[in-house]
Every structure is written in structure tokens, then in C-alpha cells.
Amino acid sequence: MAEDEIQKPRSWLRFWFKVAIYVAVFFAVIITTLSVIGGKSEMLKTGVEQFFTQASGHPAQIETFNGLHFFPDFRLDMEGLRIMESDAVSLPVAGVMRVKVAMGFWDMILRTGKLKAFDLEGLWMKEGFLHPREIVVERLALMHPEGSDPYLEGRGLLGGQAWSVHMGLESLGRAPYAQYRFGPQRDFSVALGGFEVSGLLVNEERRLRAEDFLVKKDGEAVLSGRPVLGASDGKDMRLEGDISLAAGEQNITLHPHLGLLYQDGILHITDILSYEGNAKPDEISAALEALRLDIQKASGYLPAREDGYRLLFGIPLDPSAIIERQEVSP
């Protein structure tokens, strides 16, 4: 009996040792296979074309395929991607002059959000393909100048109006092995037409806070403050914080306690928008409506209303929130 008890642990140890060997061999074969199947072959090019065909719903063609690799890094490099109207109509509805992207294999599998390289040039989308107006991305790239912090930067045109974007990144490791991701805090700036938006985004638990938030129109501040966007226990989001609104010659402090629920293609805005100041609720509503119209026009979404709903970035709004003055204690 004692001899059997001694041999059982050894049997289990031998079993798990064999399992570990089999797992190691399996992953070694997979990794070896992944490291050799990349390249510039016609088969890989066709596979990438099929991917973009399925993603866009239109036939895709690649003019120059510089390579696709899977391990140890996922890397894609191609030029002259064209998305055609259909198999019967060979007119392009979108295209990219060049795109290069690289990330670690496990970062791709686990979706960690880390990148090693990203550079897109000459993206173009015909009006109506993704947006009512023509979209042009002259360049959108991950940049890391020597001696400076990394950032994502882009510029282009939307319906003929210039746009630009800048977002700070966090670097992990040293070049040439550095990886990049959006950190828990990152500065940002966006410009479109006459609008400029800037601030510092801060991740919190289930919330996103914007510090030093500032919106300018034609160089004049129209919104500023510290808005906070967070998830509630239900399906909706919450917009809170303190925001200063320029309404004519008045600067009004808003304290939103709003619920935002996107349902059946409509954004429902509920609860209370309280404010400080001597303005009337109708004046606050008029100032917000004027700002909405300016944003809707600048973003290229027209008309300003559809099926009785006001539109913001082309999204129908149901603003049933109550606007009320907040009494301030002396």
C-alpha cells in the first residue's frame, strides 16, 4: 500500500511533464510556421485584398504589396489600395496611397492597443461613401522626434475644409524596440473649419475627464471647463462637470447632470442642465442651439434637421433635459 502511495505522485508528475513538453512543441511549431509564412507572395496579397473587400463591402485592389509578416511582429506595408464601386463598375470610391503598420504579435492577439509603427498617407473617400462630404487624410502617423514625447498627428480635408488632430502618446521601451499607446493622461487638439478644441484627457474608473477643456470658434472661446463623461449602471452615459458657455456678452457656468442614451438611431438627452447666472433658460437653449448649428455645418452634415429631430454630427437628438437656474448661496 505504501509503495502505491509513493508511485502515484510520480505518475502525476510524469503526466504533467509530458503535457508541458507537448504544449511547448505545439507552440514552437506554431511560432516557426508564423515566422516563415509572411512575405510578398501573390497569395498573401490576394488575402489582404479579400480582407478589405469584406470590410468595405466593395471590391478592393492593391497596386504594390510590399509585404505582410506575422511573427515576431505583425507588419503590413502596401501602396495603392483602391476600393471600387462594384465588380461591374470599376470606378474608385475610396483609396489609400500608402499604409504601414506594425505591432507585436501578442499585442495584436490580445488587443492591448500597443503599436510599434503607424503611417497612413493619401487616404481618400468619395462623398457619400462614409460621410456626406468627401474625406481626405493627407497623413495620419505616429511620430516620435528625438528628444521629444511621441504623438499621433494627422491632417487633411473634410468637404474642402481643413482639419487636423494631435494626440499625445506614451512610449514603452527604447527605440528600435519601443511600443506606443494612449496613456492614462494625454493632451489633445482638434481643428476643423473655424473650430479648435484642446485639453488634457484623463482616464478614471469608468469615466473620462477633460482638464483645461477649451472650444474656440474663429479664435473666440465658446466653451471651456472640466467636463466628465462616464458610464452609469445602465446602458446610458453620464455627462457632468463644470462648463463655461459664452452666450452673447455673458459667460454662463453650466453644471450638467445629463443622461445620454443612444437607442434606435437617436441620442436621448435626459435629466437636468443646471446653470449659474442671470440668463433665462430660453437664452441658454438658444445659445446651445446656435452652437449645435455651427458644429453641424462645420462637420459637413446637412441639413440641420431630419424627420423632426435636430442633428449633431448627423445624429438625431431628443433633448428632453430640463434647463433650470441654480441658486448660488452667498
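Everything below is about the structure printed above this text.
Residues numbered from 1 in each chain as written. Predicted model: local features only at pLDDT ≥ 70, side-chain atom pairs only at ≥ 80, totals over all residues. Heavy atoms only, no water.

**Student:** What is the right way to look at unusual backbone geometry in this model?
**Tutor:** Glycine aside, residues mostly have negative phi angles, and peptide bonds mostly take the trans form. In this model, L302 is joined to P303 through a cis peptide bond whose omega is 5°. Within the element layout of this structure, P303 appears in the loop between α4 (281-298) and β17 (305-306). Here the phi dihedral of R111 falls at roughly 55°; this positive angle occurs in a residue that is not glycine. With respect to the helices and strands, R111 occurs in the loop between α3 (105-110) and β4 (117-125). Of note in the backbone geometry, D218 takes a positive phi value of approximately 55° without being a glycine. Secondary-structure assignment places D218 in the loop between β12 (207-217) and β13 (220-231). Note on D218: relative accessible area 58%, which makes it exposed. (Helix = DSSP H or I, 4+ residues; strand = E, 2+ residues; numbered from the N terminus. Buried < 20%, exposed > 50% of the residue type's maximum accessible area, 1.4 Å probe, protein only.)

**Student:** Whenever I open this one, helix α2 (residues 42-56) confuses me. Can you help?
**Tutor:** At 3.6 residues per turn, the α-helix brings residues three or four places apart onto the same side. Taking 1.5 Å per residue, 15 residues should reach 21 Å; α2 reaches 21 Å between its end C-alpha atoms and fits that length. Of all the residues in α2, the buried ones are L44, K45, V48 and E49. Taken end-on, α2 shows its buried residues confined to a sector of 140°, consistent with a single buried face. Every exposed residue of α2 that faces more than 90 degrees away from the buried side is listed here: E42, M43 and Q54. Directly after α2, the chain includes G57, whose backbone phi takes a positive value near 80°. (Expected span 1.5 Å × (residues − 1). Arc of directions from axis to C-beta.)

**Student:** In this structure, what is going on with the packing of aromatic side chains? I would like to understand it.
**Tutor:** The description of two aromatic rings rests on the distance between their centres and on the angle between their planes. Scanning all chains against the criterion turns up 3 aromatic pairs. An angle of 80° between the planes, with centres 5.3 Å apart, marks the rings of F51 and F52 as edge-to-face. What makes F51 exposed here is its relative accessible area of 54%. (Phe/Tyr/Trp six-rings, centres within 6.5 Å; stacked < 30°, edge-to-face > 60°.)

**Student:** In this structure, what is going on with the nonpolar core? I would like to understand it.
**Tutor:** Nonpolar side chains tend toward joint burial in soluble globular proteins. If you look at the biggest cluster of nonpolar residues, it comprises 26 residues, and the most contacted ones within it are V48, F65, L68, F74, L76, M78 and L81. At the level of elements, α2, β1 (60-69), β2 (73-84), β3 (92-104), β4 and β5 (135-143) are the ones that each hand at least two residues to this core. With 25 residues, the next largest nonpolar core counts M167, L201, I252 and A287 among its residues. (Core = buried A, V, L, I, M, F, W, Y, C linked by side-chain atoms within 4.5 Å.)

Geometric values such as these leave the question of function open.
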